Amino acid sequence: MPEGDVILTVWGAIGATNVDGKAQFDLGMLEAIGDRTVETSTIWTDGPQTFLGVSLNLLVKRLGVSGDVLRARAINDYYVDIPVSDAIEGGPIIAYKMNGDVMLVRNKGPLWVVYPYDENPEYRSEVIYSRSIWQLDRIEVIN
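Figured I'd write up the structure that's included with this text. Every chain is numbered on its own, with residues counted from 1 as its sequence reads. In keeping with the predicted nature of the model, local features appear solely for residues at pLDDT of at least 70, side-chain atom pairs appear and are counted solely at 80 or more, and the whole-chain, interface and lining totals rest on all residues. Heavy atoms from the whole structure form the basis of all side-chain values; hydrogens and water molecules are not counted.

**As for the overall build of the chain**
- When helices and strands are counted, the chain shows three helices and ten strands.
- Here the radius of gyration uses the C-alpha set of atoms, whereas the globule reference equals 2.2 Å times the residue count to the power 0.38. Expected size for 143 residues packed as a compact globule is a radius of gyration near 15 Å; at 14 Å, the chain falls within 12% of this value.
- Oriented by its inertia axes, the alpha-carbon framework of the chain measures out at about 40 × 30 × 30 Å.
- Note on contacts: a residue pair is in contact if any heavy atoms of the two residues lie within 4.5 Å. The contacts in the chain between residues at least 6 apart in sequence include a share of 59% that link residues at least 24 apart.
- Accessible surface is estimated by sampling points in the Shrake-Rupley manner with a 1.4 Å probe; for residues, cover comes only from the protein chains shown. About 7100 Å² of surface is accessible on the chain, with carbon and sulfur atoms providing 47% of the total.
- Charge assignment in this entry is limited to Lys and Arg as positive and Asp and Glu as negative, and neither His nor the chain termini are counted. Taken as the charge location is NZ of Lys, CZ of Arg, CG of Asp or CD of Glu. Side-chain charges of the chain comprise 12 positive and 20 negative groups, with the mean position of each set lying 3 Å from the other. Labels follow the DSSP assignment, with helices taken as runs of H or I lasting at least four residues and strands as runs of E lasting at least two, numbered in each case from the N terminus.

**Points about the pattern of salt bridges**
- Salt bridges are defined by distance alone: a side-chain nitrogen of Lys or Arg within 4 Å of a carboxyl oxygen of Asp or Glu. Per the stated rule, a full pass over the model turns up four salt bridges.
- Here aspartate 86 ties to arginine 131 by a salt bridge, and the two come within 2.7 Å at their closest N and O atoms. Here the residue aspartate 86 occupies a position in the loop between β6 (79-83) and β7 (93-98), and arginine 131 occupies one in helix α3 (residues 126-131), the gap between them amounting to 45 residues. One exposure class covers both aspartate 86 and arginine 131, and it is buried.
- Across the pair aspartate 137 and arginine 138 runs a salt bridge, and its minimum N-O distance is 2.9 Å.
- One network of salt bridges, in which partners are shared, links Asp77, Asp137 and Arg138. Working definition: with a 1.4 Å probe on protein chains only, accessible area under 20% of the residue-type maximum means buried, over 50% means exposed, and in between means partly exposed.

**Considering the pairing of strand β9 (residues 111-114)**
- Going residue by residue along β9, you find Leu111 and Val113 tucked away on one face and Trp112 and Val114 tucked away on the opposite face as well.
- Two strands qualify as a pair provided that DSSP identifies no fewer than 2 bridges between them. As judged from the three bridges shared by β7 and β9, these two strands associate in the antiparallel manner. If you follow isoleucine 94 over to β9, its bridge partner there is valine 113.
- Bridge analysis of β9 against strand β10 (residues 134-142) gives two bridges, and the strand direction is antiparallel. Bridge pairing in β10 links leucine 111 to leucine 136.

**Regarding the packing of aromatic side chains**
- Stacked, tilted and edge-to-face pairs are distinguished by plane angle, under 30 degrees for stacked and over 60 for edge-to-face with tilted covering the rest, among Phe, Tyr and Trp rings (Trp via its six-membered ring) whose centres lie within 6.5 Å. For the structure shown, the criterion picks out nine aromatic pairs.
- Ring pairing ties together the aromatic residues Trp44, Phe51, Trp112, Tyr115, Tyr117, Tyr123, Tyr129 and Trp134, which thus form one cluster.
- As a reminder, the over-ring test applies to NZ of lysine and CZ of arginine, requiring each to be within 6 Å of the ring centre and within 35 degrees of the ring normal. Seen from the ring of tryptophan 11, lysine 22 lies directly overhead, with NZ or CZ sitting 5.4 Å from the centre.
- Directly above the ring of tryptophan 112 sits lysine 108, whose terminal nitrogen or CZ lies 5.8 Å from the centroid.

**So, the environment of methionine 1**
- Turning to its location among the elements, methionine 1 is positioned in the segment before β1 (8-12).
- As a C-alpha pair, methionine 1 and asparagine 18 span 17 residues in sequence and 5.9 Å in three-dimensional space.
- Setting aside residues up to four positions removed in sequence, methionine 1 forms contacts with Asn18, Val19 and Met29.

The values reported here are purely geometric and, on their own, carry no functional implication.
Laid out in structure tokens, this is it:
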């Protein structure tokens, strides 16, 4: 159960829930899953940035995801569909810190899906950039 402000809610085709058939996370709960640092440039920022977050791979495993698509929604209801197949080791993270600071809404927070763009040229494509949703706060797992 979250003790702080809920920054991520996940529902749908998942096996692990904690509140009314959904999985809700505060910052501490996401950090407890295990954090990963990604240093990368983005098309939205100047120069390399250091992102800290939970590996999408670990989050999918923790939740027992059985669907094929993660419908990631931002606080303004904008959404993107991320294939569960993107959730691989060394793949994207759900970042909650940028350059050591917790991300606030005004700087793309509370969460931002960040791929290690500099590490893998395949991540530098319009398709992947379109999946890099910021101001993320909800994910629906769809079959």
